[in-house]
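Chain and residue survey
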Amino acid sequence: MAGPHDEPTRRLVLGAGTVGAAAILLNGCRGGPSPSSSPAGAPADVPRWAPGPGEPAGARRGGKVITAWSNEAQSYDPAIGWDLHSWEAISTVLYAPLYQFAGQNKGPAPNAAAGLPEVSHDGRVYTIPLRRDVRFHNGRAVTAGDYIYAWTRLMDPGLASWASSYLYGIEGAEAVYQRKARKIRGLTAPDPHTLRVRLTEPDVLFSALLCMPYTAALPAEEVRRLGARFGRTPVGNGPMRITRYDSKSRRAVFKPFDQYFWRGSPLIDSLEYRWGIDYPLQTLQLSGGRIDVLGEGLVASQAAKFTADASMRKRFVQPVPVRGTQWLALNHKRKELRDPRVRQALNWAVDREQLMRLTFGLADPWGAPFPKRLDRYRRTAKPYTHDPERARALIEQAGVGKLRLDFLHGTQDPWPLLGQVLQQQFEAVGVEISLNAMSQPAFELATSKGEGDIYGSQMYVTLNSALELLSSNFTSDASYNYAGYANRHVDTLAVKARKAPTVEAANSVLAEIEDELVRDAAGVFVGSMNFLAARAPEIRNYQLRGETGTYYDRLWVKR
């Protein structure tokens, strides 16, 4: 699978420290439990729940939910939106992907698909049966042609979708992106209810892409009719439809879609998004009962207020399992940092216990590149710990003398604060870093140009495979490898992992890669990330996966 374009993705926005994520399960579209049946105590008119975490036993109908965001969504068009606000709307509110997660740690199950895909023996052809009762919000039935349209549109270079490269593995998709063809020859519809996909080669990550919102069906007639307005008032096939979008008053309103194919849900009467609310005001409004959910969860600067008070923590905070990692990117073009002994020394110099205490529960100390929690992954790498004596010895062996590094950071949590602590920790082993504060856009521009010597980076894994993190950041051609890390052995193994026949085989190669990344000190690995959701205590059966957002189709309100 090709890596993403240079545009920031939700994973990196998440990595900016504003929200957490749980992971899409790599294995899910090849297996996993069936959608949950109606649990005891659930409303009688909900025959089956859509796949997802939680069981709404004792649920009741009615109520309004208000969710706060710091910023307006970039777009509710699934080919365009990547920021947190956009992603939740397109993932769990407006659109229904082919497959969806059955639980926080369980494989996804068919959602808009009628069953699991049939995969050919060579791993290149996926035949996907579609449900016949899925409809767009305009009432028209969804067919296989609507997926072909949506995926072909995604490859339109004029649309400049950040997600287009994820489909490069489909035969003929790249030719469309390069304007050499108008149709993707690897996409066919044997009948209106069957979608067939042919890949150029086996791709262990492809099944997970079928769970992503940008592969959901789109109605071509509505995209044409609405034009640019499709991004604000789209027509999807998800559990809720948009009924109001008001940029001036900074609100969007969603109502349940009465033809949603998972009959009887959602349970709430309406959902309202409000944006333009900064984090301190969000927390005040939540504790004051004026809003119900913090769309971006708790950030470090606000997490302390909620976690330090036991009663506040109990009433409002809900930890969510995630797979995220934090590291310091090193400029490998700088002469001193090309020496692996120096990079190793910086790893040994970090006191991660002290550092991560400043994230107030949003990260754990972790001295390895891949997140702590990865399903079906057996780690062999030994994470770095704090050993300043060893750090000083390595720097002396490298003969670099007094090392001075330029540390870039923007305004987003937690890096301004962590930078100050890192400055002290590195100073203890003879490394001086100068803190170079700048606005967040300036920081992102500077790092994308490869400026500076060292800066904080973080990412949540959405495909439940370290291959995603690896191919985005640590291979020579990775889109976010702004630091210029290059290791031919890692590149070779990454290709091998991608073509592996099974998840287990891919993970075995990835364990070998992690060993190499630790040995070579590709970055300074500091933490494995957590997510703290915050919602009003009246919100019941609140379920969230960070990269997909809140499941509004199953929560209910007790007033």
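Residues numbered from 1 in each chain as written. Predicted model: local features only at pLDDT ≥ 70, side-chain atom pairs only at ≥ 80, totals over all residues. Heavy atoms only, no water.

1. Considerations on the pattern of salt bridges
Where charged atoms of side chains with opposite charge meet at close range, the side chains can pair. Rule in force here: When a carboxyl oxygen of Asp or Glu is within 4 Å of a side-chain nitrogen of Lys or Arg, the pair counts as a salt bridge. For helices the rule is a DSSP run of H or I covering at least 4 residues; for strands it is a run of E covering at least 2, with both sets numbered from the N terminus onward. Residue burial is assigned from relative accessible area. The probe radius is 1.4 Å, only protein chains are included, and a residue is buried under 20% of its type maximum, exposed over 50%, and partly exposed in between.
Counting across every chain of the model gives 26 salt bridges. Measuring nitrogen to oxygen at the nearest pair gives 2.7 Å for the salt bridge that ties Arg124 to Glu171. Of the two residues, Arg124 sits in the loop between strand E4 (118-119) and strand E5 (125-129) while Glu171 sits in the loop between helix H3 (144-154) and helix H4 (173-177), which places them 47 residues apart along the sequence. Judged by its relative accessible area of 21%, Arg124 is partly exposed. In this structure Glu171 comes out as buried when scored by relative accessible area, which is 15%. The salt bridge involving Arg334 is made with Asp453; its shortest N-O contact spans 2.8 Å. Separated by 119 residues along the polypeptide, Arg334 in the loop between strand E12 (317-330) and helix H10 (340-349) and Asp453 in the loop between helix H14 (440-448) and strand E16 (454-460) bring together distant segments of the chain.

2. Describing the nonpolar core
Going by this rule: Buried residues of nine kinds, namely Ala, Val, Leu, Ile, Met, Phe, Trp, Tyr and Cys, make up a nonpolar core once their side-chain atoms join them within 4.5 Å. Contact criterion: two residues are considered in contact whenever any of their non-hydrogen atoms come within 4.5 Å of each other.
Counting residues in each nonpolar core, the largest one holds 170 residues, and the members touching the most others are Tyr76, Trp151, Ile170, Val197, Phe254, Tyr273 and Phe426. When sequence neighbours within four positions are dropped, the list of residues in contact with Trp151 reads Leu98, Leu167, Ile170, Ile184, Leu187, Leu195, Val197, Leu210, Tyr214 and Thr215.

3. Digging into the confidence of the model for the protein
For the record, the criterion: Scored from 0 to 100, pLDDT records how confident the predictor is in each individual residue.
In this model, the protein carries a mean pLDDT of 88, and residues with pLDDT of at least 70 account for 91%. For the stretch residues 1-35, pLDDT sits under 50, and the model shows 172 contacts to residues farther than four places along the chain or on other chains.

4. What about the packing of aromatic side chains?
Keep this limit in mind: Any two of the Phe, Tyr and Trp rings considered here, Trp counted by its six-membered ring, make a pair once their centres fall within 6.5 Å; the pair's planes then place it as stacked at under 30 degrees, edge-to-face at over 60, or tilted in between. In this analysis the charged atom, NZ for Lys or CZ for Arg, is taken to sit over a ring once it is within 6 Å of the ring centre and within 35 degrees of the ring normal.
One pass over the structure, following the stated rule, counts 21 aromatic pairs. An angle of 25° between the planes, with centres 5.8 Å apart, marks the rings of Tyr166 and Tyr214 as stacked. In this pair, Tyr166 is assigned in the loop between H3 and H4 and Tyr214 in the loop between helix H5 (206-209) and helix H6 (220-226), connecting sequence segments 48 residues apart. Taking relative accessible area as the criterion, Tyr214 reaches 3% and is therefore assigned buried. The ring of Trp262 has Arg131 sitting right over it, with the charged end atom 4.6 Å from the ring centre.

5. Some remarks on the sheet that holds strand E7 (residues 194-198)
Keep this limit in mind: Should DSSP find at least two bridges between two strands, the strands are regarded as paired.
In spatial order, the strands read E4-E5-E7-E6; together these four strands make up an open sheet with antiparallel pairing. Taken across any chain shown, the strands that pair with only one partner, and hence form the sheet edges, are E4 and strand E6 (187-191). Inspection of the sheet shows E6 paired to E7 by three bridges, in the antiparallel sense. By the bridge assignment, Asp191 is partnered in E7 with Thr194.

6. A closer look at unusual backbone geometry
Geometrically, the link from Ser265 to Pro266 is a cis peptide bond, its omega value of 5° lying close to zero. Along the chain, Pro266 turns up in the loop between strand E9 (251-256) and strand E10 (270-274). Unlike most non-glycine residues, Arg250 shows phi in positive territory, near 60°. Relative to the assigned elements, Arg250 resides in the loop between strand E8 (240-246) and E9.

7. Some details on the environment of Tyr384
So the rule is basically this: What qualifies as a polar contact is a pair of N or O atoms within 3.5 Å, subject to a donor-acceptor requirement within protein and to the restriction that residues adjacent in sequence count only when both atoms come from side chains.
Mapped onto the elements, Tyr384 comes out in the loop between strand E13 (363-365) and helix H12 (388-398). A polar contact is formed between the side chain of Tyr384 and the backbone oxygen of Val518, at a distance of 2.6 Å.

8. Thoughts on the pairing of strand E15 (residues 431-437)
Our working definition: We call a crossover right-handed when, viewed with the strands running away from us, the connection from the first strand over the helix to the second turns clockwise.
Judged from the seven bridges that link them, strand E14 (residues 403-409) and E15 form a sheet pairing that is parallel. Bridge pairing in E15 links His409 to Ala437. Traced from E14 through helix H13 (residues 415-427) to E15, the parallel crossover comes out right-handed.

9. Thoughts on the sheet that holds E14
Spelled out, the test is: Angles here are taken between N-to-C directions and fall from 0 to 180 degrees, while the axes themselves are lines fitted to C-alpha atoms, restricted in helices to the stretch in contact.
Read across the open sheet, the six strands follow the order E13-E17-E12-E16-E14-E15; overall the sheet is mixed. The two strands at the open ends of the sheet, each matched to only one other strand, are E13 and E15. On average, adjacent strands in this sheet sit at an angle of 35° to one another, irrespective of strand direction. Along the sheet face, H10 touches E12, E14, E15 and strand E17 (524-534) and points at about 45° away from the line of E17. Relative to E15, H13 is tilted by about 165°, and along the sheet it contacts E12, E14, E15, E16 and E17.

10. Focus on the environment of Arg392
Checked against the element boundaries, Arg392 lands in helix H12. Leaving out residues up to four positions away in the same chain, Arg392 has contacts with Ala428 and Val429.

11. Things to note about the side chain of Ser91
The residue Ser91 is located in helix H2 (residues 84-93) in this model. A relative accessible area of 6% means that Ser91 is categorised as buried. In terms of polar contacts, Ser91 uses its side chain to reach the backbone carbonyl oxygen of Trp87, at 2.7 Å.

12. Description of the pairing of E7
In this sheet, E7 lies alongside E5 in antiparallel orientation, the contact comprising five bridges. Residue Thr127 lies in a different strand from E7, and its bridge partner there is Arg196. With antiparallel pairing between neighbouring strands as the criterion, E6 and E7 make up a hairpin whose turn holds two residues.

13. Some remarks on the environment of Pro501
Position of Pro501 among the secondary structure elements: in the loop between helix H16 (488-498) and helix H17 (503-520). Sequence separation between Pro501 and Pro202 is 299 residues, and the spatial gap between their C-alpha atoms is 7.6 Å.

14. Things to note about H14
The α-helix advances 3.6 residues per turn, and as a result positions three or four apart in sequence lie on the same side. What counts, and what does not: The reported arc concerns the directions from the helix axis to the C-beta atoms and nothing else.
Along H14, the positions that sit buried rather than exposed are Gln440, Phe443, Ala446 and Thr447. Seen from one end, H14 has its buried residues packed into an arc of 125°, which puts them on one side. Lining the buried residues of H14 we find E14 and E16. Gly450 lies just past H14 and shows a positive phi near 80°.

15. As for the packing of H10 against H12
To keep it simple, the criterion reads: Any angle that is under 35 degrees is reported as roughly parallel, and any over 145 degrees as roughly antiparallel; angles of 65 to 115 degrees are reported as roughly perpendicular and all others as oblique. If you view the pair so one helix is near and one far, a crossing is left-handed when the near helix is turned anticlockwise from the far one by less than a right angle, and right-handed when it is turned clockwise.
One way to put it is that H10 packs onto H12 with a least axis distance of 8 Å and a crossing angle of 160°. Taken as axis vectors, H10 and H12 run roughly antiparallel relative to one another. Judged by the sense of rotation from one axis to the other, the crossing of H10 with H12 is left-handed. When H10 is examined against H12, the residues Arg341, Val342, Gln344, Ala345, Trp348 and Ala349 are found in contact with a partner set consisting of Pro388, Arg390, Ala391, Leu394, Ile395, Gln397 and Ala398.

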